[in-house]
Amino acid sequence: MTLLPLLSLLLAPIVPGVSGDGLTGPGVSRALAERRAAQIAQVRYALQLDVTRRDTAVGHARVRFVRRGGGDVILDFRGLGYSNVMANGATASPRDEHGHLVIAAAALRDGENEVALDFQAAIAPAGASVIRVHDAVDNADYLYTLLVPADANQLFPCFDQPDLKGRVTLSLTTPRDWTAVANGRVTTVDSASALTFRFAESEPISTYLVAFAAGPWSVKSAVIDGRPISIYARASRAREVESDTLIALNARAIAWLEKYTAKSFPFQKFDFVLAPAFPFGGMEHPGAIFYNEESFIYRERPTLSQLLGREATIFHEVAHQWFGDFATMRWFDDLWLKEGFATYLAAVMQADLDPGANAWKTFYLRNKPAAYAVDASSGTTPVWQQLGNLDQAKSNYGAIVYNKAPGILKQLNYLVGDTAFRDGLRAYLRDHAYSNATWRDLLGAVGGAAHRPLDGWGASYILRPGMPVITPHVEMRGGKILRLTIEQHPARALSGSAPWPARVELLLGYAGGPSERIQVELRGRVTDVPVAGRRAPDFIFANAADYGYALVHLDDRSVRWLETHIGEVRDDFLRAMLWGALWDQVRDARLEPVRFARTALRELPRETDEQLVPVILGRLSRAVSAYLSPTEQGRLRPEVERVLLANANDSTRSYGVRKNHLDTYVALAHSPQALATLDALLDSTAAAGAPLRPPTRWAIVTTLVARAAPSAEARLAAEWRRDSTTEGRRRAFVANAAHPDSATKAQYWARYFGDRALNEDWVTASLRAFHDPEHDELTRRYLVPALDSLPWIQRNRRIFFLGNWVSATLDGQRSASALAAVDEMLRRRAGLPRDLRAKILQSRDELERTVAIRRAFP
Ligand SMILES: [Zn+2]
C-alpha cells in the first residue's frame, strides 16, 4: 500500500463505538451484557474446528444454554462467514446486525436450547483471532489463539462477555505432523488424512480465556507433586528452552497459591506454551498459559533483571488461575481486579519463596515509577474504569491496572494486616468460585475479615482518578528537629482537593548510623509527626518500605545531601526509592538534568545493585538524549561514553552490571570514536565478559544504522547473512527502521498500516527505532497522522499496541512545536473518544515535561 490512500483513510471521520439501539450495535454493549446475564445461563460450547487450511479455520459450533424470561437471543459473531443455522433442530434465519446473530424468540423455548451453525474464521499473522507465525528455520507454521478482551466472537459464535462463563468442548483438526494444546485435557487423537484432537470439557470459563495452540511443537513433560505439566515450544528452538527450570517455577507457584488461597488448583490440568511473536508477556488461559517465547528463551546470557522479570511473569500468570480465571471480574471496568492481584500476589509469593531476593524492591522498580508516570498525568483514569462497550476494553489496559492497582493493594494489605488480607481473599474466592465479582465484593470480603469498613478507602483509591503528592516540611534548630509535618496535595486538579487516607513509614536518615522509621497515619492535608527534639537527620523520606501510594517529594536539604551521598545509603531498597525521588525532581524541572546525570556518572562505577543499575542507566539515557540542551549534551557525551565503556569493560564487576553498561553504551554511542568502537566490537567474540551473541550484535548494527556510521550498510548486510533465524529477521526489520532518511520512514509508515503479512509484534519492536529522538525532524511529519490513526489502531491492533504506539511516537519528539501540534490536534478533534484522548494525554505528559525541562535549563 502506498502512503496516499492510507492518509485519506486515516483522515476519515471518527465513528463513535456505540450506535443503534445499544443491544445489536457494534461490539458488546453493557446493556446487551446485562440483558444476557439475566436471560442466559448454563452455557456450553461444543466446537469442531479444522485448521488445516492456511488462512481459514472452518468450524461447526453447537451452543447450548438455558433461556429464562423469553425474548430473542443475541449471539456475537464477527468471523468470516456462517451458514446452516439451526435452532433446536429446525432451520433458523437469524438477523445479522453489526456482528450479532439475533435468534428470534419464536425459534427458542424456555429452559434448554441449542443453536448450531457452520462458520469460518481468519488465520493471519496479525488482525485475526488465530495468529499464524512462520518459522524461517524449518519452514513451519505455528498457530495460537488470542481472544482477550473481546475477540472470541471473531473466532466462534458466542456470548462474548466475561460473566457468561461456558463449558467448552473442543475438537481440533490439524495437519498430520502437528500437535495441539487447549484448556481441556486431550482425550483422544484420531488420525485419518489429518489429525483430530478431542479435548475434555473445560470447567466454566469466560470466553476471553478460551484458547488453543497448534503446530509442530516440541513437547516436554514432567510430573511434579503428582501433577503432569507439559511445555510446548517451537521445534527449532526446543534445544534452547530451560524446560526443567520453567516447569519447576510454574509448579512452585501453583503449590504456593494452593496454600495461600486454601483452594486447590481450580482446573483439570496445567500446561504452557512458549508462543513466538507473542504480543504480550503472557496470557493466563486456564490450564494452557501462553508465555512470550522471546522473554523466556535467552539468546545470550540473561541479566538478573531479565531472570526476575521472567519469574514475575510466571507468578503473575499462575496467580491468574485463581484471580481472573476462577473468580473473574463481572465486566472489564474491573480489569484491575485480576491484573492488580496477579502482580501483587506475584510479589507476595516471591518475597515468601525467596526471602533473600528483596522482592519488594523488585516490585517497587517494576511498578511504581510506571504507575506514577501515568497517574500524575492529565490523562489518568480511576482504577475502576467505566466501560460502555467491550470494543473499547483495550483502552482500559495500561499502567493504572497493571502498576497502580498492585500498588494500592500493597497499601490495603499494610492497612488491614497480612492475616485479614489473606482471609479476605479466601472468602472472596469461596464466594465467587467459577463465577464473577466486582471491586465492591472484594472490599466487602477484606473489610469483613479486617472488621473495618473500606468504603472510604474504595472511594479514594478505586473510584477517584489521580494520586497524592506528599511533601515533608521540617524546621530544625541547634541540630534538632523543631517541627516535622507531612503535607499532601493531589498531583492534578482532576482529583479534587480531598486528602487520601494513607498509612506510611517516615524515615529519618543519618549518615553512618541507623535510620529511624516512624509509622504515620495521614488523614488531613497536613499531618504533624511527633518527632520534635530528635537529632536533625541528613535526609528524610516519607515512604520507606514503599507502603504508601504517592509521589514523594524530597525537601531541599535532603536533595543536596543525596546528590553527593546517595551511594552511602546501604539499604538497596531504600536507595532505589531515593534514586526514584531524585529523578522525580528532574521530571518536575526542580533539579537540573545535568546535575542528575553527573550524580549518576559518579555513582555508577560503584553501584553494585543489578536491578538498580539498569534503572539509573535508563534515566541517564533519557536525560542525555531528551532533557539536556544541545550544548550540555555536547559537553557531557564524551564523559558518558567513557564511563559506560569503562564499566562495560571492568572485569571486577558482575556480568549483569557490565552488560547493562554495554547495552546503554550501544544505545547512546554517538561520537565517531564510539561508533568505531562499536564497529570493531562486531569483529570480536566477547563483550562485557560474555560471548557476543546476536541480540547485542543486532543492537550494535541498529545504532550504526541510526547514526549513519560509515560501515552501517555493510554491517547490516553481513548480519542479515549471519543470522537467518526468525528472530534475526525481526531484528533486521527493527534495524532497518532506524535509517535516518525520509524514504525509509515513509516506507515503514506505509507498511505499518498496509502490510497484512507483517506481524504486529514486529511493528511494536520497530517503533522506538523509527521514532529515535535524534530523528525527530524526520518523524515530525508523522506525529499528527500517528495520533489521527488511533481509531483505526484501536479496531485493528491488540491490547498493548495502542499505548506503545502513542508513547513511542511522543517520546520521539522533544520540541515545543511538537507539543503545540499535539495540543492543536486535541483541540481540533473535539469528538475524539474519551479513552483515546486519555491515552494521548498520558503520553503527552512526558513530552510536556521534556519541553519544560529544556526551557527551565536551556
Ligand atoms: Zn495479567
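Residues numbered from 1 in each chain as written. Predicted model: local features only at pLDDT ≥ 70, side-chain atom pairs only at ≥ 80, totals over all residues. Heavy atoms only, no water.

The subject of this paragraph is the overall build of the protein chain. Summing up its helical and strand segments, the protein chain has 30 helices and 31 strands in all. Whereas a compact globule of 858 residues would reach a radius of gyration of roughly 29 Å, the protein chain reaches 27 Å, a difference of no more than 12%. In terms of its C-alpha atoms, the protein chain occupies a principal-axis envelope of roughly 90 × 70 × 60 Å. Within the span of the protein chain, comprising 858 residues, buried residues form 62% of the whole. When contacts within the protein chain are restricted to residue pairs at least 6 apart in sequence, those whose partners lie at least 24 apart make up 72%. Roughly 31100 Å² of accessible area belongs to the protein chain as shown, and the carbon and sulfur atoms make up 51% of that amount. (Helix = DSSP H or I, 4+ residues; strand = E, 2+ residues; numbered from the N terminus. Rg over C-alpha atoms; globule rule 2.2 N^0.38 Å. Buried < 20%, exposed > 50% of the residue type's maximum accessible area, 1.4 Å probe, protein only. Contact = heavy atoms within 4.5 Å. Areas by Shrake-Rupley, 256 points an atom, 1.4 Å probe, with all protein chains shown as cover.)

Let us now look at the coordination of the zinc ion. For the zinc ion, the protein coordination sphere consists of His 316 (NE2), His 320 (NE2) and Glu 339 (OE), at 2.0 to 2.1 Å. Considered as a linear motif, the donors of the zinc ion on their single chain read H-x3-H-x18-E. Of this pair, His 320 sits in helix 6 (residues 304-320) while Glu 339 sits in helix 7 (residues 335-353), and the two are 19 residues apart along the sequence. (Donors = N, O, S within 2.8 Å, 3.2 Å for Na, K, Ca; no water.)

As a further point, take empty space enclosed by the protein. By the definition in use, this model includes 6 cavities of 30 Å³ or more. Within this model, the second largest cavity holds a volume of roughly 70 Å³. Residue lining of the second largest cavity: Leu 47, Leu 49, Phe 119, Thr 145, Leu 147, Leu 155, Phe 156, Val 168, Leu 170, Val 210, Ala 211 and Phe 212, and that is the complete set. Among the elements of the structure, strand 1 (40-50) and strand 11 (166-174) are those that each provide at least two residues to the lining of the second largest cavity. (1 Å grid on protein atoms, 1.4 Å probe; cavity = no way out; pocket = protein on both sides within 12 Å on 5 of 7 lines; lining within 4 Å. Points joined across faces, edges and corners; volume = space filled by probe spheres on them.)

Let's shift gears to the sheet that holds strand 25 (residues 502-509). Pairing in this open sheet of 3 strands is antiparallel, and the strands run 26-25-28 from one edge to the other. Of all strands in the sheet, those with a lone pairing partner are strand 26 (516-522) and strand 28 (539-541), marking the two edges. Within this sheet the neighbouring strands show an average axis-to-axis angle of 20°, counted without direction. Direction of pairing for strand 25 relative to strand 26: antiparallel, over a ladder of 7 bridges. The residue bridging Arg 503 from the neighbouring strand is Glu 521, located in strand 26. Sheet contacts for helix 14 (residues 572-587): strand 25 and strand 28; angle to strand 28, the most-contacted strand, approximately 95°. (Pairing = 2+ DSSP bridges. Axes fitted to C-alpha atoms, helices over the stretch in contact; angles between N-to-C directions.)

By volume, the second largest pocket is sized at about 480 Å³. Of all elements in the fold, only helix 4 (243-261), helix 7, helix 9 (399-416) and helix 10 (418-431) reach the threshold of two or more residues within the lining of the second largest pocket. Residue composition of the lining of the second largest pocket, grouped by class: 11 nonpolar, 2 polar and 6 charged. (Nonpolar A, V, L, I, M, F, W, Y, C, P; charged D, E, K, R; others polar.)

Because side chains alternate across strand 12 (residues 179-182), one face comprises the buried residues Thr 179 and Val 181, and the other comprises Ala 180 and Ala 182, equally buried. Of the pairings in the sheet, the one linking strand 12 to strand 15 (residues 212-215) comprises 4 bridges and is antiparallel in character. Residue pairing across strands places Ala 180 opposite Ala 214, the latter belonging to strand 15.

We now examine unusual backbone geometry. Here Val 148 and Pro 149 are connected by a cis peptide whose omega angle stands at 0°. Phi at Asn 84 takes a positive value of approximately 50°, unusual for a residue other than glycine. Position of Asn 84 among the secondary structure elements: in strand 4 (residues 81-87).

Most of strand 14 (residues 195-199) is tucked away: 4 of the 5 residues are buried. In the sheet, strand 11 pairs with strand 14 via 4 bridges, with the strands oriented antiparallel. Its bridge partner lying in strand 14, Ser 171 is registered against Arg 198. Hairpin connection, strand 13 (residues 186-191) to strand 14: the antiparallel pair is bridged by 3 residues.

Averaged over all residues, the pLDDT of the protein chain equals 94, while 97% of them reach at least 70. Overall, residues 1-20 carries pLDDT values under 50, and its contacts beyond four positions in sequence, including any with other chains, amount to 32 contacts. (pLDDT = per-residue confidence, 0-100.)

Turning our attention to the environment of Thr 362. Relative to the helices and strands, Thr 362 resides in helix 8 (residues 359-375). Accessibility expressed as a relative area gives 3% for Thr 362, which makes it buried. Excluding residues that lie within four positions of it along the chain, Thr 362 makes contacts with Leu 308, Gln 350, Ala 357 and Gln 611.

Quick look at the pattern of salt bridges now. In total, this model carries 67 salt bridges according to the counting rule given. Two residues, Glu 34 and Arg 30, come together in a salt bridge whose shortest N-O distance is 3.0 Å. Here Arg 30 and Glu 34 lie together in helix 2 (residues 30-39), a separation of 4 residues that amounts to about one turn. Between Asp 135 and Arg 234 there is a salt bridge; the shortest N-O distance is 3.2 Å. Of this pair, Asp 135 sits in strand 9 (residues 130-135) while Arg 234 sits in the loop between strand 17 (227-233) and helix 4, and the two are 99 residues apart along the sequence. Residues joined in a network through salt bridges with shared partners are Asp 135, Arg 234, Arg 237, Glu 240, Glu 293 and Glu 294. (Salt bridge = Lys/Arg side-chain N within 4 Å of Asp/Glu carboxyl O.)

Read from one edge of the open sheet, 3 strands run 3-7-6, paired in antiparallel fashion. At either end of the open sheet lies a strand with only one pairing partner, and these are strand 3 (73-76) and strand 6 (95-97). On average, adjacent strands in this sheet sit at an angle of 25° to one another, irrespective of strand direction. With 4 bridges connecting them, strand 3 and strand 7 (residues 100-103) associate as antiparallel partners. If you follow Ile 74 over to strand 7, its bridge partner there is Val 102. Against the sheet, helix 2 makes contact with strand 3 and strand 7, and its axis sits at roughly 120° relative to strand 3, the strand it touches most.

Once that is clear, we can look at helix 9. When the terminal C-alpha atoms of helix 9 are compared, their 25 Å separation across 18 residues agrees well with the 26 Å that a helix rising 1.5 Å per residue should span. Considering bend angle alone, the principal kink of helix 9 is centred on Ala 405 and spans about 30°; proline Pro 406 follows within four residues of it. With 18 of 18 residues buried, helix 9 is to be regarded as a mostly interior element. Directly beyond the C-terminal end of helix 9, a positive phi value near 90° is found at Gly 417. (Expected span 1.5 Å × (residues − 1). Bend = angle between axes of the 7 residues up to and from the residue.)

Moving on: the environment of Leu 601. On the secondary structure map, Leu 601 appears in helix 15 (residues 593-603). Residues Leu 601 and Glu 639, spaced 38 residues apart in sequence, show a C-alpha to C-alpha distance of 8.2 Å.

All right, on to the packing of helix 16 (residues 612-627) against helix 30 (residues 834-856) then. The contact between helix 16 and helix 30 brings their axes to 10 Å, and the two run at 70°. Here helix 30 runs roughly perpendicular to helix 16, going by the angle between their axes. Handedness of the crossing formed by helix 16 with helix 30: right-handed. Facing helix 16, whose interface residues are Arg 622, Ala 626 and Tyr 627, helix 30 presents Glu 846, Thr 850, Ile 853 and Arg 854. Here the residues of the contact of helix 16 with helix 30 are counted per class, giving 3 nonpolar, 1 polar and 3 charged. (Parallel < 35°, antiparallel > 145°, perpendicular 65-115°, else oblique. Left-handed = near helix turned anticlockwise from the far one by under 90°.)

This part is about the environment of Val 559. With respect to the secondary-structure elements, Val 559 resides in helix 13 (residues 556-565). With a relative accessible area of 6%, Val 559 lands in the buried category. Ignoring anything within four residues of it in the chain, the contact list for Val 559 reads Leu 554, Leu 582, Gln 585 and Leu 591.

Attention now goes to the side chain of Asp 151. Relative to the elements of secondary structure, Asp 151 occurs in the loop between strand 10 (140-145) and helix 3 (152-155). A polar contact of 2.9 Å, which involves the side chain of Asp 151, links it to the side chain of Arg 78. With near-sequence residues (within four places) excluded, Asp 151 lies in contact with Arg 78, Ser 129, Leu 146, Asp 160 and Arg 798. (Polar contact = N/O pair within 3.5 Å; in protein donor to acceptor, adjacent residues only side chain to side chain.)

As a further point, take the packing of aromatic side chains. Applying the stated criterion across every chain yields a total of 49 aromatic pairs. Judged by centre distance (5.8 Å) and plane angle (90°), the rings of Tyr 397 and Phe 800 are edge-to-face. Here the residue Tyr 397 occupies a position in the loop between helix 8 and helix 9, and Phe 800 occupies one in the loop between helix 27 (790-796) and helix 28 (801-811), the gap between them amounting to 403 residues. Three or more aromatic residues link up through ring pairs in this structure, and these residues are Phe 733, Tyr 748, Trp 749, Tyr 752, Phe 753, Trp 762, Phe 770, Tyr 782, Trp 792, Phe 801 and Trp 805. Against the face of Trp 720 rests Arg 729, its NZ or CZ located 3.4 Å from the ring centre. Cation over ring: Arg 797 sits above Phe 801, and NZ or CZ is 5.3 Å from the ring centre. (Phe/Tyr/Trp six-rings, centres within 6.5 Å; stacked < 30°, edge-to-face > 60°. Lys NZ or Arg CZ within 6 Å of the ring centre and 35° of its normal.)

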